[in-house]
Amino acid sequence: MSKTIKSEIKLTVELDENRVPEKLTWTAKDGGVNAEEAKAMLLSIWDSKTQETLRIDLWTKDMPVDEMKVFFHQTLVAMADTFHRATEDEKMTATMRDFCDYFAEKLELKK
């Protein structure tokens, strides 16, 4: 029988009196990350029983809108890359990357 290895990723959210995130930190000891601060996070989890995606989308109240736009663009690009690795669907990956370029162009993210 093979040995099972567990790895833990910890997310900590500090809220203000109105339950609005003020501080986000994350720890992934196997990745060398210890209580690193973040301004935003998007977490998607697939529930195979219900066949739906569960989400946690958080950002701190001091996350600048211009940084949020860059964060979303980079997330979309990463999703296209992940989709390609997971499915090897070249055609849809190209379509997703085209949308990423369009998104960046419309938000004037690319110089």
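Residues numbered from 1 in each chain as written. Predicted model: local features only at pLDDT ≥ 70, side-chain atom pairs only at ≥ 80, totals over all residues. Heavy atoms only, no water.

A.B. asks: Where do I start with the overall build of the protein chain in this structure?
C.D. replies: For the protein chain, the count of helices and strands is two helices and five strands. If you list the helices and strands of the protein chain from N to C, you get β-β-β-β-β-α-α. Scaling as 2.2 N^0.38, a compact globule of 111 residues should have a C-alpha radius of gyration of about 13 Å, whereas the protein chain reaches 17 Å, well beyond that. For the protein chain, the spread of C-alpha atoms along the principal axes amounts to about 50 × 40 × 30 Å. Taking all 111 residues of the protein chain together, 16% fall into the buried category. Here the protein chain has roughly 9300 Å² of accessible surface; of this, 54% comes from carbon and sulfur atoms. For the protein chain, the distance from the average site of its 17 positive side-chain charges to the average site of its 22 negative ones is 3 Å. (Helix = DSSP H or I, 4+ residues; strand = E, 2+ residues; numbered from the N terminus. Rg over C-alpha atoms; globule rule 2.2 N^0.38 Å. Buried < 20%, exposed > 50% of the residue type's maximum accessible area, 1.4 Å probe, protein only. Areas by Shrake-Rupley, 256 points an atom, 1.4 Å probe, with all protein chains shown as cover. Lys, Arg positive; Asp, Glu negative; His and termini not counted. Charge placed at Lys NZ, Arg CZ, Asp CG, Glu CD.)

A.B. asks: Is there a simple way to explain the sheet that holds strand S1 (residues 10-15) in this structure?
C.D. replies: Whenever strands of a sheet pair, they do so through backbone hydrogen bonds, lying parallel or antiparallel. Ordered by their spatial adjacency, three strands build an open sheet running S1-S2-S3, and the pairing between neighbours is antiparallel. Looking at strand neighbours, the two that pair on one side only are S1 and strand S3 (33-38), the edges of this open sheet. Pairs of neighbouring strands in the sheet enclose a mean axial angle of 20°, with direction left out of account. Strand direction decides the pairing type here: S1 and strand S2 (residues 21-28), joined by six bridges, are antiparallel. Among the inter-strand pairings, Thr12 is bridged to a residue of S2, identified as Thr25. (Pairing = 2+ DSSP bridges. Axes fitted to C-alpha atoms, helices over the stretch in contact; angles between N-to-C directions.)

A.B. asks: How should I be thinking about the pattern of salt bridges in this particular structure?
C.D. replies: If the charged atoms of two oppositely charged side chains come close together, the side chains can form a pair. Per the counting criterion, the structure on display carries five salt bridges. With its nearest N and O atoms 2.6 Å apart, the salt bridge here joins Lys61 to Asp16. With Lys61 in the loop between strand S5 (52-59) and helix H1 (65-87) and Asp16 in the loop between S1 and S2, this residue pair connects regions lying 45 residues apart in the sequence. Judged by relative accessible area, which is 10%, Asp16 ranks as buried. Its salt-bridge partner being Asp62, residue Lys39 comes within 2.7 Å of it at the nearest N-O pair. On the criterion of sequence distance, the pair formed by Lys39 in the loop between S3 and strand S4 (40-47) and Asp62 in the loop between S5 and H1 is long-range, its members being 23 residues apart. Relative accessible area serves as the criterion here: at 30%, Lys39 is assigned to the partly exposed category. Residue classification places Asp62 among the partly exposed positions, given a relative accessible area of 44%. (Salt bridge = Lys/Arg side-chain N within 4 Å of Asp/Glu carboxyl O.)

A.B. asks: Even after reading the chapter, I still don't get helix H2 (residues 90-106), so can you show me in this structure?
C.D. replies: Along an α-helix, a turn takes 3.6 residues, which lines up residues three or four apart on a common side. With 17 residues, H2 extends 24 Å from end C-alpha to end C-alpha; this agrees with the ideal 24 Å at 1.5 Å per step. If you check which residues of H2 are buried, you get Thr93, Cys100 and Ala104. Viewed end-on, H2 has its buried residues packed into an arc of 30°, placing them on one side of the element. Facing away from the buried side of H2 by more than 90 degrees, the exposed set consists of Lys91, Asp98, Glu105 and Lys106. In the core, the buried residues of H2 are packed alongside H1. Of the residues that open H2, the one with a side-chain oxygen 3.3 Å from the backbone nitrogen of Lys91 is Asp89. (Expected span 1.5 Å × (residues − 1). Arc of directions from axis to C-beta. Contact = heavy atoms within 4.5 Å. Polar contact = N/O pair within 3.5 Å; in protein donor to acceptor, adjacent residues only side chain to side chain.)

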